[in-house]
Amino acid sequence: MPREHDRGGAGMTANPTGTGPDDGSVKVTIDGKEVDARPGEWLIKVAQDHGVFIPRFCWHERMKPVGMCRMCLVEVEGQKGLPPACTTPVADGMVVNTQADHVAKAQDAVLEFLLINHPLDCPVCDRGGECPLQDQTLAFGPGESRFVEEKRHFEKPIPISDTVLLDRERCIQCGRCTRFAAEIAGDPLIDFGERSGEMQVITYPDEPFTSYFSGNTVQICPVGALTATPYRFKARPWDLATSETSCTTCSVGCRGALQSSSNRLVRLLGVDSEPVNQGWLCDKGRFGYEHVHSPNRLNRPMVRRGGALVEASWPEALDAAAEGLRRARDDHGPGSVALLGGARGTNEDAYVWARFAKSVLRTDHVDAQLGDGLPAEVVLGLPRATIPDCDHAAAIVLLAPDLKEELPVLFLRVRRAAEELGVPLVDVAARDHGLTRHARIVIRHTPGGAGDVRDEIVDKVRDLVSGDGPVVVVLGRPSLAEPPDATVHAAAALAGLPDVRFLSALRRGNVHGALDLGLTPGFLPGRVTLEAGGAHFTDAWGAVPDSPGLDAAGILESAVQGQVQALVILGADPVADFPDRVVARRAVEHVGFIVAVGAFLTGTSRHADVVLPTALWGEKEGTTTNLEGRVLRVSQQVSPRGTTMPDWRIAGELALRLGADFDLATVDEVQDEIARVAPAHAGVDAALLRRAREGVVLPMHEHSDALVLDAGGLAITDASWEPIRPGTIASEDGHASNVGTGVVEATGTGSTTTVKPGLTETEAPAAPEEEVAAVTNAAATAAGAAPDRYRWEPATDAPAVVKRDAYALRLVVGRSLYDAGRINSESPSLAPLAPGQMLLVHPKDFDRVGVAPGGRVRVVSARGSVQLPLRPDPSTPEGVAFLSFNQPGEGAADLIDISAPVNDIRVETLRS
Amino acid sequence: MTFTPTNRAKATEIVGRYPRPKSAILPLAHLAQDQDGWLTGDAMKEIAELVGVTPAEVLGTCSFYTMLKREPVGRLVVSVCTNVSCLVTGGPDVLAHLDARYADDDDVYVEEVECLAACGGAPALQVNYEFHENVTPESAEGVVEQYKAGELEPRTVSGTAATEGSSPASERPPAGYPGPQRASEEDGPETRLITKRLHARPDDSWTIEAALATGAYDGLRTALTMTPAAIGQEQVKASGLRGRGGAGFPAATKWSFLPEGSHPRYLVVNDDEGEPSTFKDRMLTERDPHQLIEGIVIAAFAIEAHLAFIYVRGEFALGYERLEQAVEDAYAQGFLGENILGSGFDLAVVIHRGAGAYICGEETALLESLEGERGMPRIRPPFPAIEGLYAKPTVVNNVETLSTLPHIIAMGGAKYAELGVGKSTGTRIFSLSGHVNRPGNYEVELGTTFRELIEAPDLGGGVPNGREVKFLIPGGASSQWLTGDHLDVPLDMDVVQQEYGVMLGSGAVMVFDDTTNPALVAWRLAKFFAHESCGKCTPCREGTGWIEKVLYRISHGLGRPEDLDLLVDVGDGISPGVVNAPFTQTTICPLGPSAVSAIASLDKYFRDEVIAMCRVSTTAGVPA
């Protein structure tokens, strides 16, 4: 039975940051300069926006002010004393003096107070060199201390989680970390403890700060009180080279500042991109760069000789790969060749591989998804939402897996929309998850039964929606133990609502780029079908497949049947990633010829005949497309490992060996070709991508409001502990960037100015609106001349209802953030965080089994049987069992039958 | 240990008292201590589960409060006050003696504590929050031994009476304020309104019977015939009543800030008396709880609140007990609950016990504490009248302020305003302590002089041993000082502030004779503020600790001649300009600048003495 709670209205909080409806502006005079501001906006922000930097530690523009550090005291004429600028809302006619002598004296005093108990161990502090306490002391503080007493002492750093250490001697009690944990992450596992001079950040002794977002506290800590184990002692800030990039761990595409030292990646900082991640990263994204330097990386190609994989030269390996693929194509027809994967590369990788597969191999058996996503026509054909749409949505409907586990920073955005912005959340799922407690309406269905409640969802949403704003449906694959049919059936019903937009919750880093660029059956680059775009692409490419091909499940099944005889695996591992391991394993064992393109030797590539090692994120430039369809640049920060090369270049080399010269020598050339031939990408060329500060949402002419063009040239750095603005990192023209040093330096066209620490923030000027209009109009014209983009006409049948017998539990398989995937398992800091296999059942079902919590049981499905620990879990309803996918060891993939409408299991005790 | 089934049920009931479950953290922590003898980790986890927060948040809250013991403390917690009134009457000797005597006794946990509001009976201590006053090292040991021997039945380590309804202290004569041994039928130089009943019925003034026999709730009956506006904006306004907690803000004006038509709204009673040398609210709570409840109902009716919270200082175990009984009796008699005295007005009262934090006397810190948070003051605005408890409009009033209301209603606001002087209308209870012959609480008309209060035979009775007044601290530890030259200054809130830069504050008057080392008093006050700083604002958190360290050196023979100037400059970073009340401040609340008052006073009146002291110590080079 569906269950529902009405949770009452989520409280709209006051909107002190002034981002609400514009009800006129006020005039404020700051240091003699009259400026316009929105009423109620915090004085410190208004001053900053107008070039007056008021020193601060506790204030962070993404969190509510607390006025704790007292560093931002200013004089406001007519007000008693020295109010802190961070808690003073501006009002019309306000006259502010930030430079008066008594203001300076008070600031000087605060710095002296902060320093009396500060350890001054700067030489061994990670923050040293990018520390606002250092910088602001230099700019505003006293030269020496008059404190002659003993300083406060605490045990030096204590771990508060697996990745974060706390040094309480360095802490200046600003509360940024505790507020982040409570306000932003919703994980109040750290708090202030004790009081007065002993006040300190605490965790509960046996409950560490196991937040998926803990790394953000390290980034925003204004001193070296919180340090991250992966970065600790790895570099000095002034040795770091930085470039702006996008995280590709999941498909949110968080903007980041990627930093390296001595050609090694050492840190990823969140960049404050308003439409994407608002400065935050999840820990998997933040620390996952470690996998790039894994000792298990492949350095050289390998070919199978005498039954074993042995290292080979690139020419040997490429020749062998080309020969194997040619033979299959020529001997058994294009339908005997298939390609799986490609959702983890760049757009350029996806495009060149799609072109190679579809025009050279002429096969349409191509799928970037591995049986764990949604039908491509749904993702490509539904009206799309952007992430910022969540902020002003009339309602957000969750028809997706647990966002906290799969798309963590999107989880933060939706949580904020519900908690802070009052957007009603409708939670449709088979069990409770990370957002359930923020939901206004909760609708529960049996696993595989989302279609059964579709009318109820539509009615509830219709009742709920009042006023403006789109209905945003977050649409994904809620469980890998069932096909997407029921979810799609429910989505089809929602598609009939007015102004409904869909936000895809497919998770792999560039799965949307891969789908957009044709790595999926039946489609060609630019969101056109093979049918509609065939002629266009035959012109562009010379050839396209004759007919639509198979998806991943079909390809693997066909391989088992012997029809697919050659398989290209592109940065994927079906044996681990495909929900049905029996099918995947048999397929790779049956296929005559496998080319594995990837960075690691996997369960799949061990069966390969040729292994071609690739460069990873951070080692190659290009673009990626996030779940909104936003194309974002990724940067190369270090040299590719060993002899590895980017995937797209490998495709070009293979094409050449099969007689096709793509004539693509650089990433820019690939981007320009995509912009030319792919209808959805019209106008999105290399030059534009370089200037689009927040990326480009596809198709560009329909999202011109999302386009912000930098005029180019000027680049300025920010301090790492403050929000880092997009487009402010100087790396393009070879200047070593100094994000994090706190030194603000303008470089680029014309002049170079060095100013006082943190004193000025001048963003690169944005291009005028006319230029944006011209660019998008040209894109509209180009798109108009191209084949029509695909639109999905929702027409689905309700999947059949399958009865569950009383002794069985119906399986739900989702994901945990930390799993056995390569980013996780090859990053030393993340690998230990994978929770491991665990079957979760309702306490009542648990009691029926009769084992201790965590005791091992045998789990039997129609497909197979595995031994797993069993735990009671109140979030899982009776009759349902939950498993995390792809944890180390045997598990969900050994139980799931991909062809079954649902998967039921039995739990048996082990005979001792 | 987890809660027993009985306590688990009680805990659930406690959670249900509050609009938000997190508010129950302190009461549940007390309950856990009652059960286990200290606050165990298991208990904090269970509390977290009961109120729906993380264990880290429970620990964050609990570790703010000194009464919550996070390690075993034995059976008896002996809390010895050494704050200034006890400092000059032998408190440190008592502490040293007990400390040494019980150093190896796992049963007895001796701790130094801040002012216990027993300064009239200084030096004072508590054993499991039972007061014992006017102790000597020997008598203090005797008391502890009596508990150990079972001759006295101790409360729990959280101060709950061991046998329900029985309180050991109620059987013994209280001391330190006009109790039975000093109750006098005659008002003498006093003008007794709010202290009338406790003098008239010294043995049972707190009971419902005694209260009803002496006119309790008559004021309420009258009030309920009036309109809310007539009470607030006519009678109370006309009375000129100003808050008795310390700030002296006009009560009717405070009420008038409530936004019209915004409900629910709350009345919160500030019974968290902790200002050193102030002990009037403790007396009013222990000795006349019905007068307070009557005042609460009148105020709630006037501001149209239907839920009132009494935040009682955690250390007031007896006061809490008597308030609970009184509230129960008031419900039974129809003075609380639904349709009070047939008026159609409903009021529920929740008594909430603090757990040891001076700062919770600051109204916004009190609200935080009542919400189950760490008692850290809030940024204002918004003021509590707009966004107070649970972000709802809230009035916070002091115990004495509310206890005055029945009398204002009974005699009429205008009549009340005839008492007192200028804008300081009516009477106030002054808590007199230190070097006086008759320390205690005296209710006098405002406008009386310090000399009269200190020297009148029926009031302070003069300085012992024929000594002179060297200096006095009016208004509690936060105020700047006056000297023996200021004895003829009137007790007028505005005059003392405008002309002398001091304040009447909470009504405490501490007297120090000419043998007193002012630097030592200043150090002890600094130690108090450093201990009680909530830690939120940098200048206070760091500055109070720094001041304490420097004053320790000065007062213990390690001072440097330049230290006084250093102190003044450090003080300037907390309270720019340092000089006079009302404070300037770089902090959110006035605690920080309060810590600077003593420095300013040393500099103003005892500069030469302090510098001379430092010269000696610099030459001597060894601690005294």
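Residues numbered from 1 in each chain as written. Chains lettered and ligands numbered in written order. Predicted model: local features only at pLDDT ≥ 70, side-chain atom pairs only at ≥ 80, totals over all residues.

This part covers the overall build of chain A. When helices and strands are counted, chain A shows 24 helices and 38 strands. Since a compact globule built from 912 residues should have a radius of gyration of about 29 Å, the 28 Å found for chain A is in line with a globular shape. Each principal axis of the C-alpha atoms in chain A carries an extent, and together these give about 85 × 65 × 55 Å. Counting every position in chain A, which comprises 912 residues, the buried fraction comes to 61%. When contacts within chain A are restricted to residue pairs at least 6 apart in sequence, those whose partners lie at least 24 apart make up 72%. (Helix = DSSP H or I, 4+ residues; strand = E, 2+ residues; numbered from the N terminus. Rg over C-alpha atoms; globule rule 2.2 N^0.38 Å. Buried ≥ 20, exposed ≤ 12 C-beta atoms within 10 Å, placed from the backbone. Contact = placed C-beta atoms within 7 Å.)

Moving on, we get to the interface of chain B and chain A. Facing the 35 residues of chain B at the interface are 37 residues of chain A. The element that contributes the greatest number of residues to the side of chain B that touches chain A is helix H22 (residues 538–555) of chain B, accounting for eight residues. Tallied by class, the residues present in the side of chain B that touches chain A amount to 13 nonpolar, 15 polar and seven charged. (Nonpolar A, V, L, I, M, F, W, Y, C, P; charged D, E, K, R; others polar.)

Interfaces are frequently sized by the accessible area removed from exposure as the parts join. The domains assigned to chain B are domain 1 (5–62), domain 2 (76–156), domain 3 (196–417), domain 4 (419–513) and domain 5 (518–620). One C-alpha centre belongs to domain 1 of chain B, the other to domain 4 of chain B, and the line joining them spans 43 Å. (Domains from an automatic or database assignment.)

It is a general feature of regular strands that their side chains alternate between the two faces of the sheet. All names here are of chain A. Neither face of strand S27 (residues 622–625) is open: one carries Gly622 and Thr624, the other Thr623 and Thr625, and all of them are buried. Pairing geometry for S27 and strand S28 (residues 630–634), over four bridges, is antiparallel. The residue bridging Thr623 from the neighbouring strand is Arg633, located in S28. Linking S27 back to S28 in an antiparallel pair, the connection comprises four residues, with Gly629 at a positive phi of about 90 degrees. (Pairing = 2+ DSSP bridges.)

Residues and elements named next belong to chain A. As for its position among the elements, Ala834 is in the loop between helix H23 (822–825) and strand S34 (839–841). Classification of Ala834 as partly exposed rests on a count of 19 C-beta atoms within 10 Å. Placed 660 residues apart in sequence, Ala834 and Cys174 show a C-alpha to C-alpha distance of 32 Å. Those residues in contact with Ala834, other than ones at most four positions away along the chain, are Tyr818, Asp819, Ala820, Asn824, Gln887 and Pro888.

This part takes up the pairing of strand S13 (residues 302–305) of chain A. All names here are of chain A. In this sheet, strand S26 (residues 610–613) lies alongside S13 in antiparallel orientation, the contact comprising two bridges. Within S26, the position partnered with Met302 by the bridge is Val611. Of the strand pairs in this sheet, S13 and strand S14 (residues 308–311) are connected by four bridges, and their pairing is antiparallel. Within the sheet, the bridge partner assigned to Arg305 lies in S14 and is Ala308.

Time to look at the domain arrangement of chain A. Partitioning chain A into structural domains gives domain 1 (26–113), domain 2 (303–373 + 512–531 + 541–630 + 647–663), domain 3 (383–505) and domain 4 (809–909). Centre-to-centre, using C-alpha coordinates, domain 1 of chain A lies 41 Å away from domain 3 of chain A.

Residue and element names in this part refer to chain B. At a minimum axis separation of 9 Å, helix H23 (residues 563–574) and helix H24 (residues 591–605) run at an interaxial angle of 150 degrees. Comparing their axes, H24 and H23 come out roughly antiparallel. The element H23 and its partner H24 pack so that their crossing is left-handed. Residues Leu564, Leu567, Val568, Gly571 and Ile574 of H23 form the contact with H24, whose own contacting residues are Gly592, Pro593, Ala595, Val596, Ile599, Ala600, Leu602 and Asp603. (Axes fitted to C-alpha atoms, helices over the stretch in contact; angles between N-to-C directions. Parallel < 35°, antiparallel > 145°, perpendicular 65-115°, else oblique. Left-handed = near helix turned anticlockwise from the far one by under 90°.)

Take the sheet that holds strand S1 (residues 26–30) of chain A next. Residue and element names in this part refer to chain A. Reading across from one edge, S2-S1-S4-S3 is the order of the four strands in this open sheet, with mixed pairing throughout. The sheet is open, and its two edges are formed by strand S2 (33–37) and strand S3 (75–76), each paired on a single side. Pairing analysis gives two bridges linking S3 to strand S4 (residues 94–97), with the strands arranged antiparallel. Bridging from a neighbouring strand, Glu75 pairs with Asn97 of S4.

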